[in-house]
Amino acid sequence: MQRCRSIVMNMILSILLGALAFFCRFGFSLSLLDPRNYRWLLSGDMAQSFVGWLFFYKQPWQLPWSSLPTYAPALSVSIALTDSQPWFAFLMKLLLPKVEDPLQISGLWFLLCFVLQAFFARAISQKVLKGHFEQVLLCLLLSFSPILFYRVGHASLCAHWLILAAFNMVLAQEYSYLTLGKWWLLLFIASLTHPYFLPMLSSFLLFYYVKEPSTQPTWAWQIMTLRFARVILACTGALAGLSLLNLASGIDRRGIPNFFTADVFAFFNPLSFSALVPNLWRPRMGQYEGYSYLGLGVIVILLACLYLLSKRRELLLKIWHRNPAWQALSYASGSLMLLAWGSDVRFFGQWVINLRPIYELLAPLMASFRSIGRFNWSMCYYITIVSFVLTAQLLPKTWARVGLCLAVLLQAYDLSPYFRSQAWPPINLPILDSVAWQTLARDKPEIIVYPPFVIPDLPGYEVPDKVNYIPLAIFAAEHGLILHSGAFAAASEHLLSSYLDRAHENFKQGRWQSHSIYVVSSAYAEEAKQKGLSCAEMDGYQVCLAKKL
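Right, let's walk through the structure included here.

Rules used in this analysis
- Residues numbered from 1 in each chain as written.
- Predicted model: local features only at pLDDT ≥ 70, side-chain atom pairs only at ≥ 80, totals over all residues.
- Heavy atoms only, no water.
- Helix = DSSP H or I, 4+ residues; strand = E, 2+ residues; numbered from the N terminus.
- Rg over C-alpha atoms; globule rule 2.2 N^0.38 Å.
- Buried < 20%, exposed > 50% of the residue type's maximum accessible area, 1.4 Å probe, protein only.
- Contact = heavy atoms within 4.5 Å.
- Areas by Shrake-Rupley, 256 points an atom, 1.4 Å probe, with all protein chains shown as cover.
- Pairing = 2+ DSSP bridges.
- Axes fitted to C-alpha atoms, helices over the stretch in contact; angles between N-to-C directions.
- Patch = residues over 30% accessible without salt bridge, like charges linked within 9 Å, V, L, I, M, F, W, Y side chains within 5 Å.
- Salt bridge = Lys/Arg side-chain N within 4 Å of Asp/Glu carboxyl O.
- Core = buried A, V, L, I, M, F, W, Y, C linked by side-chain atoms within 4.5 Å.
- Disulfide = S-S within 2.5 Å.

Some thoughts on the overall build of the chain
Then comes step 1: Looking only at helices and strands, the chain has 21 helices and nine strands in total.
Then comes step 2: Over its C-alpha atoms the chain spans a radius of gyration of 26 Å, differing by no more than 12% from the 24 Å that the globule rule assigns to 549 residues.
Then comes step 3: Residue burial in the chain is summarised as follows: out of 549 residues, 55% are buried.
Then comes step 4: When contacts within the chain are restricted to residue pairs at least 6 apart in sequence, long-range pairs at least 24 apart make up 76% of them.
Then comes step 5: As presented, the chain carries roughly 24,400 Å² of accessible surface, and 64% of it is formed by carbon and sulfur atoms.

Okay, structure coming up:
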């Protein structure tokens, strides 16, 4: 009975703290949770995620379930490549009623992420701290994490609770078959959320079993063989999830990751999201992906921890040798941090070390993970947890509570720009619902945009005057039309270049299809008319047909 009561209380606390963090970041309004309110999502990565979800929601069930046959079919994309939270989209498609109007699930996804963040933060705090007051303070720090607040423009990457869940698994130090099943499930869910979480969780899994306590010699080959076998078995969860995502077309990026990286001292640079700390240096373009600011409150706790440890170094060694869980977390977070620096290591924005020869060896494995600066997130959470726990242990109880409470308040004030930075207003884009558009939707099964609007861009195919694809995508999804353009987190460069070459050649040769709606950039409208299309302006678009409108 007592255990059930404790579980219920933890759930209530997690929901309250998670909801508080959500409303602080998004504003104290329930409008973002309304599935009918989608206009705040119509820009950037949020629009990419929303459009992918809308095509998935509107199309009938089919196999493979994650494919999007009417959205840029030449690229063979799936809902995973639009970053539309595949497992959550699958669940919401089952639960939401079929209606004609567009529905959004991003608001509910964000709320779920913040609640689960608080839930696993609470679970971690109970494992590493004894006092309830200290547990709540640590839970607050992890729930109001700057790196989580920073990522809200990219919905799938807000699932930082997956990282905390891995921390919680390592700290539990349980090595039963049930625990192996939990790792399998965690990797399965991560693979259906966003691929960048897989290297992070796999690193924790590997060191979790490598540092498993044993009475036999640690590196006895029999022991290590058994441990690696369990790692491989757990990793089949990731393979099972990826197999459901229709990624047969592949992601054939090349090169080494050296652009979207993290600075070595990114933990202390707020990038204008601090009320008290100025930007310490201007990061190189692309290093916004390596945003790792700890927050001034955590920085103060870290400095206090380092000072206290300098007085009691023997305690650190004692804790280190007696706790394999902390060793596993250290090795995993440290390895990921080294990867996050990329091939061109930078200190305070200045290039220092060239690791290209090493990364060229890793290129086949790392080419698909170009934004490797994100791997620094694990170290952010590691520093927060370890510095907080050690400070709580090294200071007298009263001083620890007062000091840590003040640090949490300082953290909250320091992060106040996040609370004011987003009003999330509706974005005014045209709604294509006129009689003319409805008539076209009945007669024409596909929309072809020229020049093709496709993200990611390919070198040599950049187009300065692109058509805004978002209203067209919403229109196509609602009416079951095929849209031959779109925005994706990743795509096969081979398929993409083939499609772009074919589209440009068709336009150049004037090869038109009578069953297609052509939406042409204003810069190419006159040329399209000369090549045999009949064009008219509709809601700011140059709409053309192979016969007179």
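Some details on the sheet that holds strand β7 (residues 516-520)
Then comes step 1: Strand order in the open sheet formed by five strands is β5-β3-β7-β9-β8, with mixed pairing between adjacent strands. Either end of the sheet is taken by a strand with one partner, and the two such strands are β5 (482-483) and β8 (534-538).
Then comes step 2: As judged from the five bridges shared by strand β3 (residues 446-450) and β7, these two strands associate in the parallel manner. Bridge assignment links E446 to a residue of β7, and that residue is S516.
Then comes step 3: The strands touched by helix α18 (residues 435-443) are β7, β8 and β9 (541-545); relative to β9, the strand with the most contacts, the crossing angle is about 40°.

A look at the pairing of strand β1 (residues 344-347)
Then comes step 1: Where β1 and strand β2 (residues 350-354) come together, four bridges link them in antiparallel fashion. The partner of D344 across the bridge, within β2, is N354.
Then comes step 2: Connecting β1 to the antiparallel partner β2 that follows it, the hairpin turn spans two residues, and F348 within it adopts a positive phi of roughly 50°.

Details of a nonpolar patch on the surface
Then comes step 1: Nonpolar side chains collect at one region of the surface, where W61, F90, L91, L94 and L95 lie side by side and expose about 490 Å² of accessible area between them.
Then comes step 2: By secondary structure assignment, the location of W61 is in the loop between α2 (44-58) and α3 (86-95).
Then comes step 3: For W61, a relative accessible area of 42% translates into the label partly exposed.

Looking at the nonpolar core
Then comes step 1: With 174 residues, the main nonpolar core has F110 and W183 as its most contacted residues.
Then comes step 2: When residues of this core are assigned to their parent elements, the largest contribution, 13 residues, is made by helix α15 (residues 377-394).
Then comes step 3: Beyond its immediate stretch of four places on either side in the chain, F110 contacts F22, F26, W40, M46, V152, A155 and C158.
Then comes step 4: If you look at the next biggest cluster of nonpolar residues, it comprises nine residues, including Y450, F507, C535 and C544.

Some details on the state of the cysteines
Then comes step 1: For the structure shown, the criterion picks out one disulfide.
Then comes step 2: Each disulfide pairs two cysteine sulfurs, and for C535 the partner residue is C544, the sulfurs being separated by 2.0 Å. Residues C535 and C544 are joined through a disulfide that is right-handed, its torsion about the S-S bond being 105°. Considered together, C535 and C544 belong to a single accessibility category, that of buried residues.
Then comes step 3: Between C305, a free cysteine, and C380, which holds the nearest cysteine sulfur, the sulfur-to-sulfur gap is 16 Å.

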